[in-house]
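Residue-level structural notes
Below are the chains, spelled out letter by letter.
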2 protein chains.
Amino acid sequence: MTSAIAQTTATFSALKCKECGAEYELKASHVCEFCFGPLEVTYDYNALRRSVTRESIQAGPNSIWRYKAFLPVATDNPIDVGTGMTPLVKANRLARRLGLKNLYIKNDAVNMPTLSFKDRVVSVALTRARELGFTTVSCASTGNLANSTAAIAAHAGLDCCVFIPADLEAGKVLGTLIYGPTVMAVEGNYDQVNRLCCEVANTYGWGFVNINLRPYYSEGSKTLGYEVAEQLGWQLPDHIVAPLASGSLFTKIYKGFQEFVQVGLVDEKKVRFSGAQAEGCSPIAQAYREDRDFIKPVKPSTIAKSIAIGNPADGVYALDIARKTNGNIESVNDAEIIEGIKLLAETEGIFTETAGGTTVAVLKKLVEAGKIDPEETTVVYITGNGLKTQEAVQGYIGEPLTIEAKLDSFERAIERARTLDRLDWQPVLV
Amino acid sequence: MTSAIAQTTATFSALKCKECGAEYELKASHVCEFCFGPLEVTYDYNALRRSVTRESIQAGPNSIWRYKAFLPVATDNPIDVGTGMTPLVKANRLARRLGLKNLYIKNDAVNMPTLSFKDRVVSVALTRARELGFTTVSCASTGNLANSTAAIAAHAGLDCCVFIPADLEAGKVLGTLIYGPTVMAVEGNYDQVNRLCCEVANTYGWGFVNINLRPYYSEGSKTLGYEVAEQLGWQLPDHIVAPLASGSLFTKIYKGFQEFVQVGLVDEKKVRFSGAQAEGCSPIAQAYREDRDFIKPVKPSTIAKSIAIGNPADGVYALDIARKTNGNIESVNDAEIIEGIKLLAETEGIFTETAGGTTVAVLKKLVEAGKIDPEETTVVYITGNGLKTQEAVQGYIGEPLTIEAKLDSFERAIERARTLDRLDWQPVLV
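Because the structure is predicted, anything quoted here is derived from the model rather than measured.

Quick word on the interface of chain B and chain A
Taken together, the 83 residues of chain B in the interface contact 83 residues of chain A. Summing both sides of the interface, chain B and chain A together bury roughly 7000 Å²; the carbon and sulfur share of this comes to 70%. Joining chain B to chain A, the criterion identifies zero salt bridges. For the pair chain B and chain A, the interface holds 14 residue pairs in polar contact (both at pLDDT 80 or more).

Okay, structure coming up:
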């Protein structure tokens, strides 16, 4: 027991500034005191190379905690509610529709417990929060993060206060309130919510998962890299497409792949990284298009609220990765986002929220522009569930055919559907 | 390849009438021609005992298909979208609240792909439908089944037409339409929908998952027994609590436990089976209370629409199992159902739909009546997700505190919340 803790704590060693390299103790802190750069957790990769094997990972739990050696928590009892190890679905019908040959969907629309990739980062952040002695946890959220923080805090018995923009989708608000946290609906957009939370974090002794706990929290996204590598049979894909909000997810998938190469779990490979934004909030795509190396903040206006961050904290790092891996960053409008949601549902039976619709629509756009090779093993990250953003598709998916509970009423409806071209198949009579 | 198919097909051998024992070929058929009893799939348990081990199961996929030898499909390529192997959560906070010591939640609120246990039965039914040559699949549904049939049919490229009562929750209707099936909204309750579908099934050459394919379909629920046994370390629990709609789920969990005993995968144990119904549709609970061995059909009136079956096909079998295992069947009213949903969310971070609220409320009622021993290892089956029945809790979970994006506005809100007793914890200042 003691040796296991000692071994684990030994693999994450410090917080280090991504800009100037200054090192800090493993406290609740996220900004460099010298240059204001973001802090990141560092590990002892030599120790990891010696202690971690494919077999040791596979012998672990069927959750993100099979990769605990790569996550910044010391405990042997992390908060494990089954988060992670979501399906990597071979998307043959979507691939055929787009003209691709090796397409996979990493389906975090069914991540546990709250149906988005945020359950990964929150499981890590709240486990670390408990280790650091916090009894109240908080976050600035576009919705999914609030759902996840409230749910996992409830499971762990932590007090919880979350901050959201006041205009979020009904499902995201209700899907937070149900767990009994205090919910602050802020009149403003996410960037204003975030600024307020930075002030609160300075005043109150709370663990804000994506502010003072951000270096720990964000490491949870690396598991989306690890899992894809493991699920592809311990190899990296050729190309990934992921949504860009703050840019953190994108950079951490990249870090996850790199770490697996570094410790010898997979062979080195140049993976292309492509990012997806909604046109109504596309500061990173704009910088990419205009060949800038800085981000101009924007005021968001899009149905893709969960990725509507106008001033993305890790935008420049995402930009850099897309460029150096020969990837792309593209944006799509709200109509294309809705089409993206429908396309994924109709071909693969996966119902995603607006962020996932954005990613699928960008995939389609990149394929049509010849920017994805049909032969490439391409993995598309679907990060959230469509039941939370029902408003977005309501009115675009038709209506049921209302009938009486009688055979002739059914048969008239079938006939009507065929006339209206709503039925593209022929009912077979016995 | 050939031998694997031969071995698998050898383990399921016939359809057999549960009443008179008459045997039939493995076709799409569900009613005995002689006595009108329901047909069930039989297996060669001697062959299973020789060929299946704990290790062979654990070496299988992380889905229901690790138990393929116990499921009525011949193919080596079943439709696998990650269904099953949902978490068995040790529910310590809920247990403490109720005064129990060994409580587990089997969490199918996060089952894949459509967040209910129906994904299990549909994965089996559509795999079998394909084997039997059907190109169009259908169902009579209270909501979850329509979601699942539409989604998995989309993934598999099967044509799909589903039938639902016209008054279903918005999330269940939208969560079906999104996959692009034909949806028939029938003016009537589920029992009327079901009767219409029986007529359609006799006329059209469609595979109705819960009518002509019902013997195959219903076997999928056995995996909820297998998984719990495996997740408890290859042993059976002392007591299970599950919702009762048609009664099929309940009887198949029982069959699953029995089969594992019969082939030597777990030790024999008397497991108590307790069933949960909503007061507004409780024909099985009424029969249990009145010591009847027959079911009087009722007209449903409850918010728990997904279990509102007034004329339950397997009601008498469920009744029999509850009695012979020394279990119970209990019902709760709509207010208790809402409290059940909230209790589970606030203690365990699991957001379930009305059926799950029913089950948790019945658990509470049974504990309070001294009908569950605090020491018993008790497993509660949560079968669906709360995002699909948002109407049920809207108005019962409070509202966010709306604030401006300013620190003093936040602080006034915190103060107000404390005054209103909405904040039971003390914010710590740094």
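Remarks on the relation of the copies chain B and chain A
Rotating chain B by 180 degrees and moving it 0.0 Å along the rotation axis overlays it on chain A with an RMSD of 0.0 Å. When the rotation and shift are considered jointly, the pair of chain copies conforms to a two-fold rotation axis. The overlap is high: 100% of the interface residues of chain B also sit at the interface in chain A, so the same surface is used on both sides.

Notes on the sheet that holds strand β2 (residues 23-24) of chain B
Strand pairing in a sheet takes place through backbone hydrogen bonds and is either antiparallel or parallel in direction. Residues and elements named next belong to chain B. Taken in spatial order, the three strands make up an open sheet running β2-β1-β3, and their pairing is antiparallel. Both edges of this open sheet fall to β2 and β3 (39-43), since each of them pairs with a single strand only. Relative to β3, strand β1 (residues 12-17) runs antiparallel, the two sharing five bridges. Paired with L15 across the bridge in β3 is V41.

Quick word on the nonpolar core
Nonpolar side chains in soluble globular proteins generally cluster together in the buried interior. F260 of chain A together with F260 of chain B are the most contacted members of the largest nonpolar core, which totals 188 residues. Setting aside residues no more than four positions away along its own chain, F260 of chain B makes contact with I57, Y67, F70, Y226, A229, W234, L265 and V266 of chain B.

Focus: the UniProt feature "binding site: pyridoxal 5'-phosphate" (unreviewed entry) in chain A
Residues and elements named next belong to chain A. As recorded in UniProt, the sites labelled "binding site: pyridoxal 5'-phosphate" (unreviewed entry) are N144 and T383. Maximum C-alpha separation among the annotated residues is 9.6 Å over a sequence range of 240 residues, consistent with a single clustered spot. Mapped onto the elements, N144 comes out in helix α6 (residues 144-156). Not counting chain neighbours up to four residues away, the residues in contact with N144 comprise S116, K118, K172, S306, E353 and K388. Residue placement: T383 occurs in the loop between β13 (377-382) and α16 (390-393).

Section: helix α13 (residues 315-324) of chain B
Residue and element names in this part refer to chain B. Inspection of α13 places G315, Y317, A318, L319, I321 and A322 among the buried residues, and these make up the whole buried set. Structurally, α13 contributes buried residues whose contacts are with α11 (248-262), β11 (272-278), α12 (283-289) and β12 (329-332). Looking one or two places after α13, you find N326, whose phi comes out positive at around 65 degrees.

Describing the environment of K118 of chain A
Residues and elements named next belong to chain A. The topology assignment puts K118 in helix α5 (residues 118-131). Residue class for K118 comes out buried when judged on its relative accessible area of 18%. Along the sequence, K118 and G143 sit 25 residues apart, while their C-alpha atoms lie 9.8 Å from each other. For K118, the residues in contact, after removing those within four places along its chain, are N144, L145, S148 and Y217.

Focus: the environment of P300 of chain B
All names here are of chain B. Note on placement: P300 falls in the loop between α12 and α13. With 53 residues separating them in the primary sequence, P300 and G247 have C-alpha atoms 15 Å apart. Discounting chain neighbours no more than four positions away, the residues touching P300 are N189, D191, G280, C281, A308 and G310.

Considerations on the pattern of salt bridges
Residue and element names in this part refer to chain A. With the rule as written, the count across this model stands at 53 salt bridges over all chains. As a salt-bridge pair, D314 and R214 come within 3.2 Å of each other at their nearest N and O atoms. Remark: R214 occurs in helix α9 (residues 214-219) and D314 occurs in the loop between α12 (283-289) and α13 (315-324); sequence separation between them is 100 residues. Under the relative-accessibility criterion, D314 is labelled buried at 9%. The salt bridge partner of R292 is E290, with a shortest N-O separation of 2.8 Å. Judged by its relative accessible area of 9%, R292 is buried. Residue E290 is classed as partly exposed on the basis of its relative accessible area, which comes to 46%. Each member of the salt-bridge network shares a partner with another, and the members are E40, E219, K222, K252, K255 and E259.

Let's talk about the packing of aromatic side chains
Applying the stated criterion to the full structure yields 35 aromatic pairs over all chains. Plain terms: the ring middles of F250 of chain A and F273 of chain A are 5.5 Å apart, the flat faces sit at 90 degrees to each other, and that makes the pair edge-to-face. Of this pair, F250 of chain A sits in helix α11 (residues 248-262) while F273 of chain A sits in strand β11 (residues 272-278), and the two are 23 residues apart along the sequence. Relative to F260 of chain B, the ring of W234 of chain B has its centre 6.0 Å away and its plane inclined at 25 degrees; by these criteria the two rings are stacked. Here the residue W234 of chain B occupies a position in the loop between α10 (223-231) and β10 (239-243), and F260 of chain B occupies one in helix α11, the gap between them amounting to 26 residues. On the basis of relative accessible area, W234 of chain B is assigned to the buried category, the value being 9%. Put simply, the rings of Y67, F70, Y226, W234 and F260 of chain A touch in pairs and so form one group of aromatic residues. Directly above the ring of Y216 of chain A sits R128 of chain A, whose terminal nitrogen or CZ lies 4.8 Å from the centroid.

Structural notes on the sheet that holds strand β4 (residues 88-90) of chain B
Residue and element names in this part refer to chain B. Reading across from one edge, β4-β5-β13-β10-β11-β12 is the order of the six strands in this open sheet, with mixed pairing throughout. Either end of the sheet is taken by a strand with one partner, and the two such strands are β4 and β12. Strand after strand, the sheet turns through a mean of 25 degrees between neighbouring axes, direction not considered. For strand β5 (residues 102-107) and strand β13 (residues 377-382), the ladder comprises six bridges, and the chain directions are parallel. When the bridges of β13 are listed, N107 appears paired with I382.

As for α5 of chain A
Residues and elements named next belong to chain A. The first and last C-alpha atoms of α5 sit 20 Å apart over 14 residues, in line with the 20 Å expected at 1.5 Å per residue. With respect to burial, α5 is a largely interior element, twelve of its 14 residues being buried. Every buried residue belonging to α5 is among K118, D119, R120, V121, V122, S123, V124, A125, L126, T127, R128 and A129, and all of these are buried. On the buried face of α5, the contacting elements are β1 (12-17), β5 (102-107), β6 (136-140), α6, α9 and α10 (223-231). Directly after α5, the chain includes G133, whose backbone phi takes a positive value near 90 degrees.

Quick notes on the rules
- Residues numbered from 1 in each chain as written.
- Chains lettered and ligands numbered in written order.
- Predicted model: local features only at pLDDT ≥ 70, side-chain atom pairs only at ≥ 80, totals over all residues.
- Heavy atoms only, no water.
- Contact = heavy atoms within 4.5 Å.
- Buried area = accessible area lost by both parts, 1.4 Å probe.
- Salt bridge = Lys/Arg side-chain N within 4 Å of Asp/Glu carboxyl O.
- Polar contact = N/O pair within 3.5 Å; in protein donor to acceptor, adjacent residues only side chain to side chain.
- Least-squares fit on C-alpha atoms with pLDDT ≥ 70 in both.
- Pairing = 2+ DSSP bridges.
- Helix = DSSP H or I, 4+ residues; strand = E, 2+ residues; numbered from the N terminus.
- Core = buried A, V, L, I, M, F, W, Y, C linked by side-chain atoms within 4.5 Å.
- Buried < 20%, exposed > 50% of the residue type's maximum accessible area, 1.4 Å probe, protein only.
- UniProt positions renumbered as here; feature names shortened; annotations may be inferred.
- Phe/Tyr/Trp six-rings, centres within 6.5 Å; stacked < 30°, edge-to-face > 60°.
- Lys NZ or Arg CZ within 6 Å of the ring centre and 35° of its normal.
- Axes fitted to C-alpha atoms, helices over the stretch in contact; angles between N-to-C directions.
- Expected span 1.5 Å × (residues − 1).

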